[in-house]
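So you can see what is in the structure, the chains are spelled out below.
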Amino acid sequence: MGISAIIGALLLIFIVPLQMKVTSNLTRIQDTLLEISDSRLKKINELLQGIKLLKLYGWEEKFCSAIEVVREKQIKSTIKFGRNVVLLWFASDTSYIVITFLSFIAYSFFSPVPLTPDLAFVALALFNQLTIPLTTLTHALTFFVNGLVSFKRLEKFFTSLEIDERDNGLPPMKRGFDDIDTAADFESHWTDTEEANREKSQDRFDGDHGNDLNTSPSTFKSREGYVTTDSLESKGHMNYGTFDHEDETPFIDTTPDSLPEHVALQIIGGTFSWDHEGSSLALTDINVQVPVGGLVMVIGLVGSGKSSLLSSILGEMTTVNGSIEFKRKKNHLSYVPQKAWLQNATLRDNILFGKEFDQNRYQDVIEACALKPDIDILPAGDMTEIGERGINLSGGQKQRVSVARAIYSNADIVLLDDPLSALDVHVGAHLMEHGIIDLLVREGRTVILVTHHLQYLHHANKVILMEKGRLTKEGDLNKIRKHDPVLFAGWEGTIRVLSESDRESASDGEHIHDTEKERANLHQQISETEIQKTKGSSGALIEKEERERGSVSWRVYLAYAEAIKYYRVVLIFLLLAAQAAALMLSHFWLSAWSEAGIEAANKTQVELDEEVDFYRRGYTVWTLAFVALTGLFIACQILSAIYAARLLHVDLLRNIIHAPLRFFDTTPIGRILNRFSNDTQIIDLKLWTTWISLLYSASLCISAIIVNAIVTPIFLVAVTPLLVAYYFVQRYYVATSRELQRLDSITKSPLLSHFSETLGGLPIIRAYRDEKRFRRRLLQAIDTNNVAQLYILNSFRWLTVRLEIICAMVILLAGLGSMVTCMLGDLQPSLVGLALTYALSICNQLNWMVRMLAECEMFMNSVERVLHYSRIHTEEYRGTYTPPAAWPDKGNIKFENVSVRYATDLDAVLEDISLDFKSGEKIGICGRTGSGKSSLTLAIFRLIETFIGRITIDGIDISHVPLLTLRSRLVVIPQDPVLFAGTIRFNLDPLSHKSDDELWEALEISRLKEVVAKLDNQLDSYVSEDGDNFSVGQRQLFCLARAFLRNAKIIIMDEATASVDMETDAELQDVISVAFADRTVITIAHRISSILDSDRVLVLSEGKVVEYGSPKKLLNQDGSAFASLVKGEGTFELD
């Protein structure tokens, strides 16, 4: 075609800059999209973490709306992204046709030689070869954009500041990778270690870390897990940074100790901050020495800096001034945070924490932590699986497991952040005596204990008093008595009160013996059938993730079409058919044009000009029609898919937040987040890309068959066996790739769960210097996920080879059929060229179509997974009766023969309960673990199912009241405080119903006004995720302020002041007694002293009422269970 082809190809000069511009836009939009997606996932994660509180307060719709606002921003950005993709795809899908069109039009103007079939269809076949490269270029540019944006985001993370680590005597953090980094090596070693832990029984605990999984026999390890010989030279330089991947060798520390022999650690002039800039100081001018083998108790008011002191020792804070020095030969730490962190693993694995199993040591630890009765009752003993965040254990049990982990670790220095607050008096006393004193202090291990329990101060070798971030007093009790007799007298008064109200048992051993006999079933929510089924088995709580098998159901496709809207689906297919028809007609028109060129010698110039002008106009019309229809098809498909993605996300989110609480207890958060992250991203950005490619390539393949059938009908007979072979090949491939994609989706959930779990326990992992083990487990999860991806790619290579053979046979048959028909004189040469051109194009298109078909099924698996969670059973939110706005105005609660259960397939946790809580009464509820205390309160909020009887509030059956109305009229103050990322104002009043004056009044009542007033932005000050920038005690006070604002007639308190100091607790109890004087208050007791002043006390056992009456009456009653609790001689143990 000469210069005409060059003229057509010049279009690429304009297309490439357009693609570059669009790519630049896509990069910018993609960056915005990922930021919005991060914000959305953060809010969803926060919602899932605090779902129980949100349901109790009836705030789920508010948080759902906040997520939907962010989602709408994401959808708007996705539409912008889609518009640019329309341009990109439009340019690639039409460019080869436009190039062909321009070339032929230019040829008709500039070439003196008429267009003939041999010229036209050779050129057309060559131009058609541009289809796949241009399409691939589009995909490549899209992937390039994603990769570029992702790299920039990762770069910010990789170059960010890391934890402040200094050579202060602590073992260095375990950075980099070692020689066990493959999934196969790790899995083999992990399995061997687990088997060893199950079988090995040693005489005494050797303290081996279990972290250095690949330590050779020749490597000497001390009890701390590091070589500590003074004869070797110092390692010298310490490596830092994310990209430092050198193989680690055992750390050899030859630096001589600068501390006296009797000092375990020392802080000199320590000033510490939570931020890297040091602009907000948490601790100032700390000077302290901790004695080796001593018990140091840290006390102080809420927010005084007790937990911050432990964090500074752990290295979790920025050291602004001063230094911390540890004794180098006794420098292994263990840490128990105030809020217990447990893994989704067996109870035994949570205690061992990677250490080797020593039967004797293990038994000593669980006895000391009073865990033996709990383990005996669990379905599979200590091999029972603990759910995410310890969901199937009470707060006290979680804390005892956390303490057991620290004791078992055999660490030299043990940091305990107020573990006794979550325990009742008996268990707390037992843990203090047998765990902290016997197994820690008497073994010569250094213990730093933060506590509000002043009755244990006589055990301390040193007492540290913190006030407003400063260490104001330190020394033993005699020293403090001498220097500050007023302070000491105040402590003595508090201790006297505590001793009178919560007297310990005369014989702890007898108490634990009784507990073993009388301990209630730890999991009444698990049916007896389930327990028998799991006895001696793995004791798994979390079920395996659901996985569909076989082809994606037609119902999934129908549901996706419904989300798009059926009329849009019809429109898309009509545009596709019209587009394919326009392309075929343009080619038939070109065939007629070239056929007319054969007779050019017999025509005059005028006739030739008229003929060329006629064919040129017709070819232009069909080409422009194809271009316009292609643009409309792509735009309609993309915008419709984004609309469907929006609808599917709305259904998923609303169904998840309306799911019963049991669903969240048995479903890992990582599994739910996978739907909102990976699956949603596929539906948002990948699924429509695949659908466009599939439909477009399918239309070209069908067009090729139609053209060949029109030209040579015998072609259909010859090609039928090949089509059958093709059908079976693609069916085999699609079935394989579909299952591989399902495996890919399923293996992402453990990866997300482990990563989320690790983030939640970073301070603990770093304290134990256990980073390498968790990194290996993360790599194992990544490798497991990558295996599925690897097989997906290999299966495509398998398909490509077989399809190439089939395509070659199609081309051969099409060529032979056309040539034979032409030689017999029944076929025009131009039609032969057209048939061969289409036959040549079918090879690439058929290959691409099968790949897209498989990819479409793979991506439809994400729709399938989203739909599954969009159809789970939900709570019944609608009611049959809407109570008056002032309801409840009295606060009378009546239980009438009530039986409740957690699920229809489980046994009842409360049976035949009949109670009447009068208006304004103060009700105390007590009972042993699993007795049904929490279940009783959850039933009032309808968080669990009442299947027999009814509960009425002020005479109205709560089952008839709309769920949000019911929960919004009650208030609960939970034991575990929950705060959300946002302002203080938002955390107190998410619905924005209260004035600033009311907010300040609530803060004043809860003793937080002074704390908030000192903040720069006061009520608009930022609260970090989970309230991490406030102490646990302060978080609990914020929850108390939230309850004051609710102004409800019925208040349920689950040991709401457990984490605050005794002075603040006493003040708050006085305030509560006044502020809630006319309210019905139900208190779940962990400290007996908190319910002694109640109007009536309810004692539960095994889901049934044991005693109910005034404290005075019960105390005077012979054989009273409540009296035995108060006297410290009872057989009941509280949570």
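Residues numbered from 1 in each chain as written. Predicted model: local features only at pLDDT ≥ 70, side-chain atom pairs only at ≥ 80, totals over all residues. Heavy atoms only, no water.

(A) View of the sheet that holds strand β15 (residues 971–973). In space, the 6 strands of this open sheet follow the order β15-β18-β19-β12-β20-β21, with mixed pairing throughout. The outermost strands of the open sheet, each flanked by one partner alone, are β15 and β21 (1104–1109). Neighbour-to-neighbour, the strand axes of the sheet open up by a mean angle of 20°, direction not taken into account. Bridge analysis of strand β12 (residues 922–927) against strand β19 (residues 1080–1084) gives 4 bridges, and the strand direction is parallel. Paired with isoleucine 923 across the bridge in β19 is isoleucine 1082. (Pairing = 2+ DSSP bridges. Helix = DSSP H or I, 4+ residues; strand = E, 2+ residues; numbered from the N terminus. Axes fitted to C-alpha atoms, helices over the stretch in contact; angles between N-to-C directions.)

(B) The packing of helix α4 (residues 60–110) against helix α20 (residues 605–657), seen in detail. Here α4 crosses α20 at 165°, and the two axes come no closer than 9 Å. Between α4 and α20, the angle falls in the class roughly antiparallel. Crossing of α4 over α20 shows right-handed handedness. Of the residues belonging to the contact of α4 with α20, the class tally is 27 nonpolar, 10 polar and 9 charged. (Parallel < 35°, antiparallel > 145°, perpendicular 65-115°, else oblique. Left-handed = near helix turned anticlockwise from the far one by under 90°. Nonpolar A, V, L, I, M, F, W, Y, C, P; charged D, E, K, R; others polar.)

(C) The arrangement of the pattern of salt bridges in detail. Under the criterion given, the structure shown has 28 salt bridges. Between glutamate 60 and arginine 967 there is a salt bridge, with the nearest N and O atoms lying 3.8 Å from each other. Here the residue glutamate 60 occupies a position in helix α4, and arginine 967 occupies one in helix α28 (residues 963–968), the gap between them amounting to 907 residues. Judged by relative accessible area, glutamate 60 falls into the buried class, the value being 0%. The salt bridge involving glutamate 945 is made with arginine 901; its shortest N-O contact spans 3.4 Å. Highlighted residues: glutamate 945 in strand β13 (residues 945–953) and arginine 901 in strand β10 (residues 893–901), separated in sequence by 44 residues. Here glutamate 945 falls in the partly exposed class, since its relative accessible area comes to 31%. Through salt bridges with shared partners, a single ionic network connects Lys55, Glu60, Glu875 and Arg967. (Salt bridge = Lys/Arg side-chain N within 4 Å of Asp/Glu carboxyl O. Buried < 20%, exposed > 50% of the residue type's maximum accessible area, 1.4 Å probe, protein only.)

(D) Up close: the packing of aromatic side chains. Counted under the stated rule, the structure contains 19 aromatic pairs. On the basis of an interplanar angle of 45° and a centroid distance of 6.2 Å, the ring pair of tryptophan 341 and phenylalanine 774 is categorised as tilted. Of this pair, tryptophan 341 sits in the loop between β5 (333–336) and α9 (347–352) while phenylalanine 774 sits in helix α25 (residues 771–823); the two residues are 433 residues apart in sequence, bridging distant segments of the chain. The same class applies to tryptophan 341 and to phenylalanine 774, which are both buried. One aromatic cluster is present, built from ring pairs that chain together Trp341, Phe353, Tyr768 and Phe774. It is arginine 348 that lies over the ring of phenylalanine 357; its NZ or CZ is 4.3 Å from the centre. (Phe/Tyr/Trp six-rings, centres within 6.5 Å; stacked < 30°, edge-to-face > 60°. Lys NZ or Arg CZ within 6 Å of the ring centre and 35° of its normal.)

(E) Quick look at the pairing of strand β9 (residues 470–475). In this structure, strand β8 (residues 462–467) lies alongside β9, joined through 5 bridges in antiparallel fashion. Its bridge partner being in β9, valine 463 is matched across the sheet by glycine 475.

(F) Fine view of the nonpolar core. Of all hydrophobic cores here, the largest spans 179 residues; its most connected members are Tyr560, Ile656 and Phe895. Considering each element in turn, this core owes the most residues, 20 residues, to helix α22 (residues 669–711). Apart from residues no more than four positions distant in its own chain, tyrosine 560 is found in contact with Ala641, Ala644, Leu648, Leu687, Trp691, Met860 and Val863. Judged by nonpolar contacts, the second largest core, of 83 residues, contains Ile286, Met297, Val403 and Ile436. (Core = buried A, V, L, I, M, F, W, Y, C linked by side-chain atoms within 4.5 Å. Contact = heavy atoms within 4.5 Å.)

(G) Geometry of the confidence of the model for the protein. Chain-level pLDDT for the protein is 75 on average; 79% of the residues reach the 70-or-more range. Within the protein, helix α16 (residues 508–518) has the poorest average pLDDT of any element, 36, and helix α18 (residues 554–564) the best, 90. Note that pLDDT drops below 50 for residues 501–539; the model gives that stretch 94 contacts with residues more than four away or on any other chain. In the predicted structure, residues 1129–1135 sits below a pLDDT of 50 and forms 38 contacts with residues beyond four places in sequence or in another chain. (pLDDT = per-residue confidence, 0-100.)

(H) Looking closely at the sheet that holds strand β7 (residues 446–450). Spatial ordering of the open sheet is given by β5-β6-β7-β3-β8-β9, a layout of 6 strands whose pairing is mixed. The open sheet is flanked by β5 and β9, the only strands paired with a single partner. Adjacent strand axes in the sheet meet at a mean angle of 15° when their direction is disregarded. Where strand β6 (residues 413–417) meets β7, 5 bridges bridge the pair, whose relative direction is parallel. In the strand pairing of β7, aspartate 417 is matched with valine 450. Contacts between helix α12 (residues 395–408) and the sheet are confined to β5 and β6, with β5 contributing the most and set at about 175° to the helix.

(I) Main features of a nonpolar patch on the surface. The grouping of Val801, Ile805, Met809, Leu812 and Leu816 at the surface amounts to a nonpolar patch, some 460 Å² of accessible area in total. Relative to the assigned elements, leucine 812 resides in helix α25. Judged by relative accessible area, leucine 812 falls into the partly exposed class, the value being 45%. (Patch = residues over 30% accessible without salt bridge, like charges linked within 9 Å, V, L, I, M, F, W, Y side chains within 5 Å. Areas by Shrake-Rupley, 256 points an atom, 1.4 Å probe, with all protein chains shown as cover.)

(J) Just helix α32 (residues 1032–1046), in detail. The end-to-end C-alpha separation of α32 is 22 Å, in line with the 21 Å expected for 15 residues at 1.5 Å each. Positive phi appears at asparagine 1047, one or two residues downstream of α32, with a value of about 55°. (Expected span 1.5 Å × (residues − 1).)

(K) The pairing of strand β20 (residues 1096–1101), seen in detail. Counting buried positions along β20 gives 6 out of 6 residues, so the element sits mostly inside the fold. Of the two faces of β20, the one holding Arg1096, Leu1098 and Leu1100 and the one holding Val1097, Val1099 and Ser1101 are both buried throughout. Relative to β21, β20 runs antiparallel, the two sharing 5 bridges. Within β21, the residue paired with leucine 1100 across the bridge is valine 1105. Hairpin geometry of β20 and β21 is characterised by an intervening segment of 2 residues between the two adjacent antiparallel strands and by a positive phi of about 50° at glutamate 1102.

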